[in-house]
Amino acid sequence: GQQVMQIPQYQHVQEGEDFTTYCNSSTTLSNIQWYKQRPGGHPVFLIQLVKSGEVKKQKRLTFQFGEAKKNSSLHITATQTTDVGTYFCAGRGGQNFVFGPGTRLSVLP
Amino acid sequence: NAGVTQTPKFQVLKTGQSMTLQCAQDMNHEYMSWYRQDPGMGLRLIHYSVGAGITDQGEVPNGYNVSRSTTEDFPLRLLSAAPSQTSVYFCASRATGGREQYFGPGTRLTVT
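How each quantity is defined
- Residues numbered from 1 in each chain as written.
- Chains lettered and ligands numbered in written order.
- Predicted model: local features only at pLDDT ≥ 70, side-chain atom pairs only at ≥ 80, totals over all residues.
- Heavy atoms only, no water.
- Contact = heavy atoms within 4.5 Å.
- Buried area = accessible area lost by both parts, 1.4 Å probe.
- Salt bridge = Lys/Arg side-chain N within 4 Å of Asp/Glu carboxyl O.
- Polar contact = N/O pair within 3.5 Å; in protein donor to acceptor, adjacent residues only side chain to side chain.
- Helix = DSSP H or I, 4+ residues; strand = E, 2+ residues; numbered from the N terminus.
- Phe/Tyr/Trp six-rings, centres within 6.5 Å; stacked < 30°, edge-to-face > 60°.
- Buried < 20%, exposed > 50% of the residue type's maximum accessible area, 1.4 Å probe, protein only.

Okay, the interface of chain B and chain A next. Residue-level contacts link 18 residues of chain B with 17 residues of chain A. Between chain B and chain A, a total of about 1,500 Å² is buried, with carbon and sulfur atoms accounting for 52% of that surface. In terms of surface lost to chain A, no three residues of chain B exceed B:Leu43, B:Arg99 and B:Phe103, which account for 33% of the buried area on that side. Viewed at the interface, chain A and chain B are joined by zero salt bridges. Between chain B and chain A we count four residue pairs in polar contact (both at pLDDT 80 or more) in total. Secondary-structure elements contributing two or more residues to the side of chain B that touches chain A are strand 4 (31-37), strand 5 (43-51) and strand 9 (87-94) of chain B.

What follows is the structure in structure tokens.
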């Protein structure tokens, strides 16, 4: 079945540093979503990418969908302590989404 | 709107006991789903429903049952709890054709 991988598993950064997490699927995706989960909380939708090569920005967050629609990335510029949490990608296979294992981000003040 | 609600927030069961995790949404969403979250494994789909009276299995359905008698409610039943079912369970809903899934606050289940 479809598998979605994410790297790194953990990332510790100093506040102000940049952060990137990468998502790779074993199959071509119709679209990909990103979610953020704060410690002790529930996943919250961030964005959906649909088109090959698509790039979207939300303030300090930049999301990219690969040309082959099998990989994606999330880049955070100048991290803040409010960015702490786990970032999940979710690739659509059929009518359901398959979630990656997530990247846990720690930001040291 | 309350969004997606789940009860209970925490539960401890003994091996072999059964219980039902409740999930309700007030957004009139057709699609609802149950996930379990284990450390390092992300969210894995247990069961899902595309509308009242329609349910289907996800990636890890064994040991769980669901039913969908109304649009609002989607309970998850553990038939005979096992320690391997210790996890955090999230219910989610999405509008048909909608983009984002809205997640409930989760139920933390421990089976001893």
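A separate point is the packing of aromatic side chains. Residues and elements named next belong to chain A. Using the criterion set out here, one finds 11 aromatic pairs over all chains in the structure. For the pair Tyr35 and Phe45, a centre-to-centre distance of 5.6 Å together with 75 degrees between the ring planes defines the contact as edge-to-face. Placement of Tyr35 in strand 4 (residues 32-37) and of Phe45 in strand 5 (residues 44-49) is noted, with a sequence separation of 10 residues between them. One exposure class covers both Tyr35 and Phe45, and it is buried.

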